[in-house]
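Results of the structural survey
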Amino acid sequence: MNNFVYYAPTEVVFGKGAEEQTASLVSKYGGSRVAVIYGGQSAKKSGLIDRILENLHTSGIEALAMGGVVPNPLVSTAREMTEQAKVFGADFILAVGGGSVIDTAKGVAHGTANPDHDLWDFWSGTPLTKSLPVGAVLTISAAGSEMSDSAVLTNDTEENVTKRGVSTPFNRCKFAVMNPELTMTLPKYQIGAGAADIFMHTSERYFGAVQGNHLTDEIAEGLFRTIIKYGPLAYNDPQNYEAMSEMMWCSSISHNGITGLGSSGGTGKEGDWACHQLGMAISALYDSTHGATLSAVWAAWCHYVMDKDVARFAQFARKVYGITEEDDRTAAEAGIAKTNEFFKALGMPLNLHELLGHEVSEEEIAALAKSCSWDHKRTVGSFRVLDYDDMAAVFRLAK
Ligand code: NZQ
Ligand code: ZN
């Protein structure tokens, strides 16, 4: 086994009524003036925001509520909220929502604590040395941001629009409040996209550059099997508490680093993350839902990289789906087909045509590869490293 550092310090409070502990958790982690960030309307409509504000208020915590975060959250929103948080004198940032809200909250925390920087600096290579504490009340099982060390924003203010993640220990939430009942109001499409994203957070690490960690593989394969069992159950019946609970815990465990022996980039076991980078380019240009971009490119990516290590894909097929084919390539193909069946059962697209509703042109493929490669300035992936031409080839295969 390789050396590694595993650091996942988030306190998880899980179960029915967990949100009632929000104020005491904020106090525990030093918050007395809290910027509360939420999304478009779901948390307002369900009454959750009002309940959280009441909970903070009765504990003597001052709160400034700021709504309006959109899916595929924008750096421009995070900048505006940062300015308000500074004026308010926030010492804690509380996210009430999903990945988009939590990632915006992380951006606001970094921006507020570093008034000499524009917050996008930290998505562009400037090392982060301090931030404000962030906590999350989770309302959708998907991105895993509640325990991850990453935050993803779209820069809508530059000509070559990019959606980027940054990984830093300062992105770890102090606490995550997780009541599966809060996810029961989700539209089916978001449950499906969330399950696809959860699956992919395990897949990106499982198909990383370093293999040979038995326990880590077993955890990952158990996660895959759990997601494949409960994802469709949750999708078909959002009132199924058991299914919604399993998916909520899977969302955190898939992305807190435990299957990467460390952080999302991984110390000791490097993840691949090519599908995520390809998917983020699609979201940057078409504003597509994150999980749906992943299911649309996954099989194409598998076929493009599989020759690097067919045995790994065969192990996946055998351990996750119980495929008994002896020939590795046949088993590998069966595993890919089974995964596409799983994505389909979640109502997710299996290619770009299904995702975008039209056949993508060569010009669109070039634009996607340009965005993904940051205009030819980077490669992605580690299982197989992909340059601009490879990215275009995968997008072409995913047509
Ligand atoms: O805005 P509202 O009205 O709240 O509606 C949201 C939004 O439309 C809705 N929703 C959330 N909870 C709900 C609900 N609707 C009804 N009832 C509820 N309980 O769901 C929609 C999607 O919300 P969003 O926060 O965008 O979903 P998700 O958690 O999938 O987050 C996606 C974002 O996270 C990023 C993605 O790229 C994307 O931008 N990711 C962040 C990661 C991280 N920080 O570690 C890792 C991931 O790989 C991912 O990239
Ligand atoms: Zn993801």
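What you see is a predicted model; the values in this text were computed from it and never measured.

Within this model, the second largest pocket holds a volume of roughly 160 Å³. Around the second largest pocket, the lining residues are Tyr7, Pro9, Tyr29, Ser131, Leu132, Pro133, Val134, Pro169, Phe170, Arg172, Cys173 and Lys174. Of the residues that constitute the lining of the second largest pocket, the class distribution is nine nonpolar, one polar and two charged.

As a matter of local geometry, ligand 1 sits amid 31 residues, with Gly40, Ser42, Ser100, Ser148 and Lys163 nearest to it. Within the side chain of Ser100, one N or O atom sits 2.5 Å away from an oxygen atom of ligand 1. Thr139 is positioned such that a nitrogen or oxygen atom in its side chain is 2.8 Å from a nitrogen atom of ligand 1. Contact with the protein chains covers 90% of the free accessible surface of ligand 1, which is 950 Å². Looking at the shell around ligand 1, the elements that each hand over two or more residues are helix H5 (99-113), strand S6 (150-155) and helix H6 (188-206). Classifying every residue of the shell around ligand 1 gives 10 nonpolar, 18 polar and three charged. The residue makeup of the shell around ligand 1 includes at least three contributed by each of domain 1 (11-182) and domain 2 (188-397).

This paragraph deals with the coordination of the zinc ion (ligand 2). Bound to the zinc ion (ligand 2) are the protein donor atoms Asp197 (OD), His201 (NE2), His276 (NE2) and His290 (NE2), situated 2.0 to 2.2 Å from the metal. Each donor residue of the zinc ion (ligand 2) belongs to the same chain, and together they define the spacing D-x3-H-x74-H-x13-H. Here the residue Asp197 occupies a position in helix H6, and His276 occupies one in helix H9 (residues 274-286), the gap between them amounting to 79 residues. Accessibility expressed as a relative area gives 3% for Asp197, which makes it buried. Note on His276: relative accessible area 4%, which makes it buried.

What follows deals with the packing of H6 against helix H10 (residues 290-305). At a minimum axis separation of 7 Å, H6 and H10 run at an interaxial angle of 55°. Between H6 and H10, the crossing angle belongs to the class labelled oblique. For the pair H6 and H10, the sense of crossing is left-handed. Contact residues: H6 offers Tyr189, Ala193, Ala196, Asp197, Phe199, Met200, His201 and Ser203, while H10 offers His290, Gly291, Ala292, Leu294 and Trp298.

Here the structure, examined in full by the defined rule, presents zero disulfides. Lacking any disulfide linkage, Cys302 is separated from the closest cysteine sulfur, that of Cys275, by 6.6 Å. Here Cys372 stays free of any disulfide, with the sulfur of Cys275 as its closest cysteine sulfur at 10 Å.

If you trace the backbone, Ser371 turns up in helix H14 (residues 362-372). Using a relative accessible area of 3% as the deciding quantity, one classes Ser371 as buried. Once residues within four sequence positions are removed from consideration, Ser371 is found in contact with Asn160, Val161, Thr162, Ala281, Ala284 and Leu285.

Once that is clear, we can look at the side chain of Ser288. Residue placement: Ser288 occurs in the loop between H9 and H10. In this structure Ser288 touches Asn72, Ile282, Ser283, Thr293, Leu355 and Leu356, once residues within four positions along its chain are discounted.

Another point: the packing of H6 against helix H12 (residues 328-345). Close contact between H6 and H12 brings their axes to 9 Å; oriented N to C, the two are set at 150°. Here H6 lies roughly antiparallel to H12, going by the angle between them. The element H6 and its partner H12 pack so that their crossing is right-handed. Here Ala195, Ala196, Phe199 and Met200 of H6 lie close against H12, whose contacting residues are Thr339, Phe342 and Phe343.

This part covers the packing of aromatic side chains. Counted by the stated rule, this structure contains 24 aromatic pairs. Measuring from ring centre to ring centre gives 5.4 Å for Tyr206 and Phe224, while their planes differ by 85°; the resulting arrangement is edge-to-face. Within this pair, whereas Tyr206 is found in helix H6, its partner Phe224 is found in helix H7 (residues 214-236), the two being separated by 18 residues in sequence. A single burial state applies to Tyr206 and to Phe224, both of which are buried.

Its 19 residues place the ends of H6 27 Å apart at the C-alpha level, agreeing with the 27 Å of an ideal helix rising 1.5 Å per residue. In terms of burial, H6 is largely enclosed, as 16 of its 19 residues are buried.

Time to look at the environment of Val297. Mapped onto the secondary structure, Val297 falls in helix H10. Sequence separation between Val297 and Gly257 is 40 residues, and the spatial gap between their C-alpha atoms is 23 Å. Every residue in contact with Val297, bar those within four places of it in the chain, is listed here: Cys275, Leu278, Ile282, Leu352, Phe395 and Ala398.

Here the focus is the sheet that holds strand S5 (residues 134-138). Here six strands make up an open sheet; going across it, the order is S1-S8-S5-S4-S2-S3 and the pairing parallel. At either end of the open sheet lies a strand with only one pairing partner, and these are strand S1 (11-14) and strand S3 (62-66). When strand polarity is set aside, the average angle formed by the axes of neighbouring strands in this sheet is 15°. Here five bridges tie strand S2 (residues 33-38) to S3, and the two strands are oriented parallel to one another. Of the residues in S3, the one forming a bridge with Ile37 is Met66. Together, S2 and S3 form the strand contacts of helix H4 (residues 75-88), whose direction differs from that of S3 by roughly 165°. Strands in contact with H5 are S2, strand S4 (92-97) and S5; relative to S4, the strand with the most contacts, it is inclined by about 165°.

What counts, and at which threshold
Throughout this document, residue positions are counted from 1 along each chain, in the order its sequence is written. Key to labels: chains lettered from A, ligands numbered from 1, both in the order written. Only residues with pLDDT of 70 or above have their local features reported here, since the model is predicted, and side-chain atom pairs are shown and tallied only from 80 upward, although totals for entire chains, interfaces and linings are computed over all residues. By convention in this description, side-chain values take in all heavy atoms of the structure and omit both hydrogens and water. Lining residues are those with an atom within 4 Å of a point, where the points come from a 1 Å grid over the protein atoms alone and group into cavities, where a 1.4 Å probe fits but cannot get out, or pockets, open sets with protein on both sides within 12 Å along at least five of seven lines. Grid points are joined across faces, edges and corners, and a volume is the space filled by probe spheres set on the points. All amino acids are sorted into three groups, where Ala, Val, Leu, Ile, Met, Phe, Trp, Tyr, Cys and Pro are nonpolar, Asp, Glu, Lys and Arg are charged, and the leftover types, Gly among them, are polar. One heavy atom suffices: a residue is near a molecule or strand as soon as one of its heavy atoms comes within 4 Å of it. Any pair of N or O atoms that falls within 3.5 Å is considered a polar contact. Within protein, one atom must be able to donate a hydrogen and the other to accept it, and sequence-neighbouring residues count only if both atoms are side-chain atoms. The method behind every accessible area is Shrake-Rupley, applied with a 1.4 Å probe, and residues are considered shielded solely by the protein chains displayed. To qualify as a helix, a DSSP run of H or I must reach at least 4 residues; to qualify as a strand, a run of E must reach at least 2; elements of each kind are numbered from the N terminus. Residue ranges for the domains originate in an automatic or database domain assignment. Because water is not among the atoms used, a metal site may look incomplete, as its donors are only the N, O and S atoms within 2.8 Å, or 3.2 Å for Na, K and Ca. Each residue is assigned to one of three classes by its accessible area relative to the maximum for its type, calculated with a 1.4 Å probe on protein chains only: buried under 20%, partly exposed between the two thresholds, exposed over 50%. Axes, fitted as lines to C-alpha atoms, cover a helix only where it is in contact. Angles between the N-to-C directions of the axes lie from 0 to 180 degrees. Roughly parallel means an angle under 35 degrees; roughly antiparallel, over 145; roughly perpendicular, 65 to 115; everything else is oblique. Note: crossing handedness is left-handed where the near helix turns anticlockwise from the far helix by less than a right angle, and right-handed where it turns clockwise. Between two residues, a contact is recorded if the distance between any of their heavy atoms is within 4.5 Å. Note on terminology: disulfide denotes any pair of cysteine sulfur atoms within 2.5 Å. Any Phe, Tyr or Trp ring, taking Trp's six-membered ring, that has another such ring centre within 6.5 Å forms a pair; planes under 30 degrees apart are called stacked, those over 60 apart edge-to-face, and the others tilted. How far a helix is expected to stretch is found by multiplying one less than its residue total by 1.5 Å. Strand pairing is defined by DSSP finding a minimum of two bridges between the two strands.

Structural measurements only, silent on function.
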